[in-house]
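Understanding the architecture of this molecule
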Amino acid sequence: MYRGCQVAHIVAVGKNNEIGVDGGMLWHIPEDFGYFKQMTIGNSLIIGRKTYEGISPPLTRRCVHVVGKNIPNPTWSCPLRNSLSRASDACHYLNTNVIFVAGGSMLYNTTEDIVDILYITRVPTEFKNADSFYNMPRGFVLEGEVKIPVKTKYGLVRFEKWVREYNGEGCA
């Protein structure tokens, strides 16, 4: 939770949790792009600069906050904190309570302590050229599949939802 908003990672991973190579994607799965669009439209979305530049067409109909050390803004002491703050403000205007984090790996790692939900697309293929990986945070349990698996050239792609397991005191 961040300022009353749930934080959700949305990520597609290969067999060994691969997520990218050279700042780009490892696969092209139209059903996954449609799923990403369906899940994030109308919500706040935080995304790393390299990941954002690797996506086309532009992400419309959602409030996008791009984070990167090479994005100049002299008023920012901490770009991620400022993006989280702006994203949570946008949640209230958009009448939603979810901030999606859409990569890359550094952004996922930085937000692992505040993430509440993981939306993971599983691509059952090994990508040996990958140079970016998703480290699944600890303390999550599989709630189930949120979409019917899709048969692709990479195999049967699954769409999972994981939720943080809280103890009785509201702490992870």
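Everything that follows concerns the structure shown earlier in this document.
Residues numbered from 1 in each chain as written. Predicted model: local features only at pLDDT ≥ 70, side-chain atom pairs only at ≥ 80, totals over all residues. Heavy atoms only, no water.

This part takes up the overall build of the chain. Helix and strand counts for the chain come out as 4 helices and 9 strands. Here the chain holds 172 residues, and 44% of them are scored as buried. For the chain, the share of sequence-separated contacts (at least 6 apart) that also reach a separation of at least 24 residues comes to 66%. When the accessible surface of the chain is split by element, carbon and sulfur atoms take 52% of a total near 9500 Å². (Helix = DSSP H or I, 4+ residues; strand = E, 2+ residues; numbered from the N terminus. Buried < 20%, exposed > 50% of the residue type's maximum accessible area, 1.4 Å probe, protein only. Contact = heavy atoms within 4.5 Å. Areas by Shrake-Rupley, 256 points an atom, 1.4 Å probe, with all protein chains shown as cover.)

Comment: phi is negative for the bulk of residues other than glycine, and the bulk of peptide bonds are trans. Here G103 and G104 are connected by a cis peptide whose omega angle stands at 10°. Looking at the element boundaries, G104 is found in the loop between β5 (98-101) and α4 (105-110). Backbone geometry at R61 places phi at a positive 60°, although glycine is not the residue there. With relative accessibility at 59%, the residue R61 sits in the exposed group.

Here the focus is the pattern of salt bridges. Two side chains carrying opposite charge are able to pair once their charged atoms lie near each other. Inspection of the entire model under this criterion finds 5 salt bridges. A salt bridge links E160 to R122; the shortest N-O distance between them is 2.9 Å. Note that E160 is positioned in strand β9 (residues 155-164) and R122 in strand β6 (residues 117-122), a separation of 38 residues in sequence. Here R158 and E145 are joined by a salt bridge, their closest N and O atoms 2.9 Å apart. With R158 in strand β9 and E145 in strand β8 (residues 140-152), the pair connects residues that are 13 residues apart, well separated along the chain. Using a relative accessible area of 32% as the deciding quantity, one classes R158 as partly exposed. (Salt bridge = Lys/Arg side-chain N within 4 Å of Asp/Glu carboxyl O.)

Moving on, we get to the sheet that holds β6. Here we have 7 strands laid out as an open sheet, ordered β4-β3-β5-β1-β6-β9-β8, and mixed in their pairing. The open sheet has two edge strands with one neighbour each: β4 (63-67) and β8. Strand-to-strand twist in this sheet, taken as the mean axis angle between neighbours without regard to direction, amounts to 20°. (Pairing = 2+ DSSP bridges. Axes fitted to C-alpha atoms, helices over the stretch in contact; angles between N-to-C directions.)

Residue placement: R164 occurs in strand β9. Although buried, R164 forms no salt bridge, and the nearest oppositely charged side chain, D116, lies 5.1 Å from it. There is a polar contact of 2.8 Å between the side chain of R164 and the backbone oxygen of E112. (Lys, Arg positive; Asp, Glu negative; His and termini not counted. Polar contact = N/O pair within 3.5 Å; in protein donor to acceptor, adjacent residues only side chain to side chain.)

This next bit is on the nonpolar core. Burial of nonpolar side chains together is a common tendency in soluble globular proteins. Counting residues in hydrophobic clusters, the biggest one holds 26 residues, and the most contacted among them are I10, W27, F100, Y119, V123 and F127. Sorting the residues of this core by element identifies β1 (6-13), α1 (30-40), β3 (44-48), β5, β6 and β9 as the ones contributing at least two each. Apart from residues no more than four positions distant in its own chain, V123 is found in contact with V13, G14, K15, W27, I29, Y154 and V157. In terms of nonpolar packing, the next biggest core, distinct from the first, is built from 20 residues, V13, V67, V101 and W162 among them. (Core = buried A, V, L, I, M, F, W, Y, C linked by side-chain atoms within 4.5 Å.)

Moving on: the side chain of H65. Summarising the element assignment, H65 is placed in strand β4. Once you skip the residues sitting within four places of it in the chain, H65 turns out to touch S44, L45, I46, I47, S83, R86, A87 and A90.

Moving on, we come to the environment of E126. Checked against the element boundaries, E126 lands in the loop between β6 and β7 (132-133). Put simply, E126 and N17 are 109 residues apart on the chain and 8.8 Å apart in space, counted from C-alpha to C-alpha. Other than its neighbours up to four places away in sequence, E126 contacts K15, N16 and E18. A polar side-chain atom of E126 sits 2.8 Å from a polar atom in the side chain of K128.

So, on to the pairing of β8. Pairing analysis gives 9 bridges linking β8 to β9, with the strands arranged antiparallel. Bridged to G144 within β9 is K161. In this antiparallel pair of consecutive strands, β8 and β9, the connection spans 2 residues.

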